[in-house]
Amino acid sequence: MKLVNRGLVRAHAAIARQTFRDLLRERLLYNVFFVALFLLFFGYLAALLVFGHQDRVMLDFGVMIDAFSIYLVAASAGARMLRKEIDDRTAYLPLSRPVSRPCYYFSKWCGIVGFLGLNLALLTAVLCLGLQLTGGHPTWALFQQMALIWVEAWIVAALSLWLSLFLRQGITIMVSLAFLFLSHNHGPLALMNLGWIKKALGVLTPDGRWFLLDTRVYYEMPLHWGGLAQRFGYGLLWAIFFILIGNAFFYRKNLQ
Amino acid sequence: MSERVLPLSVQDVSFSFGNKPALRGVSFDVNPGEVFALIGHNGAGKTTLFHLILGYKFARRGRISLFGKTALDASSRRDLGYVPERAYLPMEQSLHSYLKYLGDLQNFDSGGLNDEIERVASEVGLQAVVRQPMRSFSKGMLQKAMLAQALLGNPRLLILDEPMSGLDPDARAQLRDRIFRWKEQRKSILFSTHALEDVEHLADRILVLDQGMQSFLGSKGEWMETAKGGGR
């Protein structure tokens, strides 16, 4: 028995590649990218106004901008890619091939994840350049932080891909970002007297603190491989959870 | 695969949009090498029936099988080509790259796929423009592009949703010739149309849908007799 079905792998790769190319053609995502570049430049200017530790201002600003940009791209791409293909019916022809819906859905997500990786790599390169110009230097902890932002974006993309099956694009993006906001506020929520709501939010959203290294980045204290793998695993499990839910919806969805 | 396996079998299929029934108890088979016409007014349920066969929608009742496998199994579509009623194509892409994408989904090896793309592009007469973006194609060329993608992999069953609509008389005659050729190659063809002359020229058997119900199923001869009797 073959361990790997080469035909299935090929189909997965083809759909992911097609999704990646489609995303490269999307103007909206370029807009987000260029706004992020502009804000990074703004961060560089802000760093120049500070006396001492200019690189830390650049780092703080840059990580925040890169993270928000990637989350926005993840939510937009997830909200758009499958929904658009269902609405304009370009999904018809690929789905008339011997490709199962779970394969199609999962590969769409993989294509988005690949695009997010490219986007984040470019923004990280610009941030590194900004750090060099402000007297700092890229560190292993910074790269770990960027990798964890990417992992969190996997979850956002998986969530918005699922929500896009039954919500409008704008609402999908807003709900995805609200979800992200909640996941990054587990700490403050824990301090509030919210009773069962707090418990529900704790169960239904991942803890965003797993993906932020905070002071570890400034003080160049990278995670050990084990800690990094643990956080990757945590993010992957959440992404898989949303992919499975989305697939359950898509599997028997009547297309228009 | 044995010739005795039916390319398509639809048994007692029903479907509704919410509470509104779209198809009620439709049953028919398409035999190997047969040209089967589906006719009916707008909204009769022709496209819905195609969508059920292709797995875009799911029947509330009944069973659809392709080459002996349930249509719910994606692998049942291995030997099937589909031409939708409109050109649902990614217009920014070239026909070549799109056919390559679809070929990858059909698990062609790379060398074989390039040869296959050349074959289908030349069969529909688009070999000169195969690398141009499809947004530069005319309506007739888009129709040919749709045929090209359906012919990829030389499928034994072709499903054509109103393939003649919007074609000029020459293009219509060419498509008719193609359908005759495919029939000679023992391909099975299921097509829908409003044009009764296409049915008379092409079809071996006919299913008439009326508001989702099957109002006639039989050979072309029987249908002509019914039509002469005023049933048409």
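This text goes with the structure placed above it.
Residues numbered from 1 in each chain as written. Chains lettered and ligands numbered in written order. Predicted model: local features only at pLDDT ≥ 70, side-chain atom pairs only at ≥ 80, totals over all residues. Heavy atoms only, no water.

S.K.: What am I meant to see in the pairing of strand β9 (residues 205-210) of chain B here?
M.R.: For a regular strand, side-chain orientation follows a simple rule: the groups alternate between the two sheet faces. All names here are of chain B. Within β9, five of the six residues are buried, which leaves it mostly tucked inside the rest of the structure. In this sheet, β9 lies alongside strand β3 (residues 35-40) in parallel orientation, the contact comprising five bridges. Counterpart to Ala37 in the pairing with β9 is Ile206. Bridge analysis of β9 against strand β10 (residues 213-219) gives six bridges, and the strand direction is antiparallel. Pairing of Ile206 across the sheet is with Gly218, part of β10. A loop of two residues connects β9 with β10, the two strands running antiparallel in sequence, and Gln211 in this loop sits at a positive phi of about 50°. (Buried < 20%, exposed > 50% of the residue type's maximum accessible area, 1.4 Å probe, protein only. Helix = DSSP H or I, 4+ residues; strand = E, 2+ residues; numbered from the N terminus. Pairing = 2+ DSSP bridges.)

S.K.: Any chance you could explain the environment of Ser107 of chain A here in plain terms?
M.R.: Residues and elements named next belong to chain A. Take Ser107: it is sitting in helix α5 (residues 101-133). Ser107 sits in the buried class, given a relative accessible area of 1%. Sequence-wise, Ser107 and Ala16 are 91 residues apart; in three dimensions their C-alpha atoms are separated by 4.9 Å. Contact partners of Ser107, with chain neighbours within four places excluded, come to His12, Ile15, Ala16 and Thr19. (Contact = heavy atoms within 4.5 Å.)

S.K.: Could you clarify how one ought to interpret the interface of chain A and chain B in this entry?
M.R.: At the junction of the two partners, chain A supplies 28 residues and chain B supplies 35 residues. Summed over both partners, the interface of chain A with chain B comes to about 2,800 Å²; 54% of that surface belongs to carbon and sulfur atoms. Looking at the side of chain A facing chain B, the largest losses of area belong to Arg10, Leu93 and Arg97 of chain A, adding up to 26% of the total buried there. Counting every contact that joins chain A to chain B gives two salt bridges. In this structure, Arg10 of chain A engages Asp104 of chain B in a salt bridge whose closest nitrogen and oxygen atoms are separated by 2.6 Å. Linking chain A with chain B are 16 residue pairs in polar contact (both at pLDDT 80 or more), by the criterion used here. Secondary structure elements with two or more residues in the side of chain A that touches chain B: α1 (6-25), α4 (92-95) and α5 of chain A. (Buried area = accessible area lost by both parts, 1.4 Å probe. Salt bridge = Lys/Arg side-chain N within 4 Å of Asp/Glu carboxyl O. Polar contact = N/O pair within 3.5 Å; in protein donor to acceptor, adjacent residues only side chain to side chain.)

S.K.: What exactly am I supposed to notice about the packing of α5 of chain A against helix α11 (residues 225-251) of chain A here?
M.R.: Helix packing geometry: the angle between the two helix axes and the distance between the axes. Residue and element names in this part refer to chain A. Taken N-terminus to C-terminus, the directions of α5 and α11 make an angle of 140°; their axes are 10 Å apart at the nearest point. Classified by the interaxial angle, the pair formed by α5 and α11 is oblique. Crossing geometry of α5 relative to α11 is assigned as right-handed. Within the contact between the two elements, α5 uses Arg101, Pro102, Tyr104, Tyr105, Phe106 and Trp109 and α11 uses Ala239, Phe242, Ile243, Gly246, Asn247, Phe250 and Tyr251. Class assignment of the residues belonging to the contact of α5 with α11 gives a composition of 10 nonpolar, two polar and one charged. (Axes fitted to C-alpha atoms, helices over the stretch in contact; angles between N-to-C directions. Parallel < 35°, antiparallel > 145°, perpendicular 65-115°, else oblique. Left-handed = near helix turned anticlockwise from the far one by under 90°. Nonpolar A, V, L, I, M, F, W, Y, C, P; charged D, E, K, R; others polar.)

S.K.: I keep staring at the nonpolar core and nothing clicks. Help me out?
M.R.: In a soluble, globular protein the nonpolar side chains are often hidden away together inside. Of all hydrophobic cores here, the largest spans 151 residues; its most connected members are Leu8, Phe28, Leu49 and Ile53 of chain B. Here Ile53 of chain B is in contact with Leu8, Val10, Ile64, Leu66, Ala71, Ile159 and Leu190 of chain B, once residues within four sequence places are set aside. (Core = buried A, V, L, I, M, F, W, Y, C linked by side-chain atoms within 4.5 Å.)

S.K.: Could you clarify how one ought to interpret the packing of helix α6 (residues 140-163) of chain A against α11 of chain A in this entry?
M.R.: All names here are of chain A. Following both chains from N to C, one finds α6 and α11 inclined at 10°, their axes separated by 7 Å at the closest point. By the criterion of interaxial angle, the relationship of α6 to α11 is roughly parallel. Pair α6 / α11 crosses with left-handed handedness. By residue class, the composition of the contact of α6 with α11 is 19 nonpolar, three polar and one charged.

S.K.: Mind showing me how you'd approach the environment of Leu66 of chain B here?
M.R.: Residue and element names in this part refer to chain B. Position of Leu66 relative to the elements: it lies in strand β4 (residues 61-66). Residue classification places Leu66 among the buried positions, given a relative accessible area of 0%. Taking the C-alpha atoms as reference, Leu66 lies 5.4 Å from Pro7; in sequence the two are 59 residues apart. Each residue touching Leu66, except ones within four places of it in the same chain, is listed here: Leu6, Pro7, Leu8, Ile53, Ala71, Ser76, Arg77, Leu80 and Leu157.

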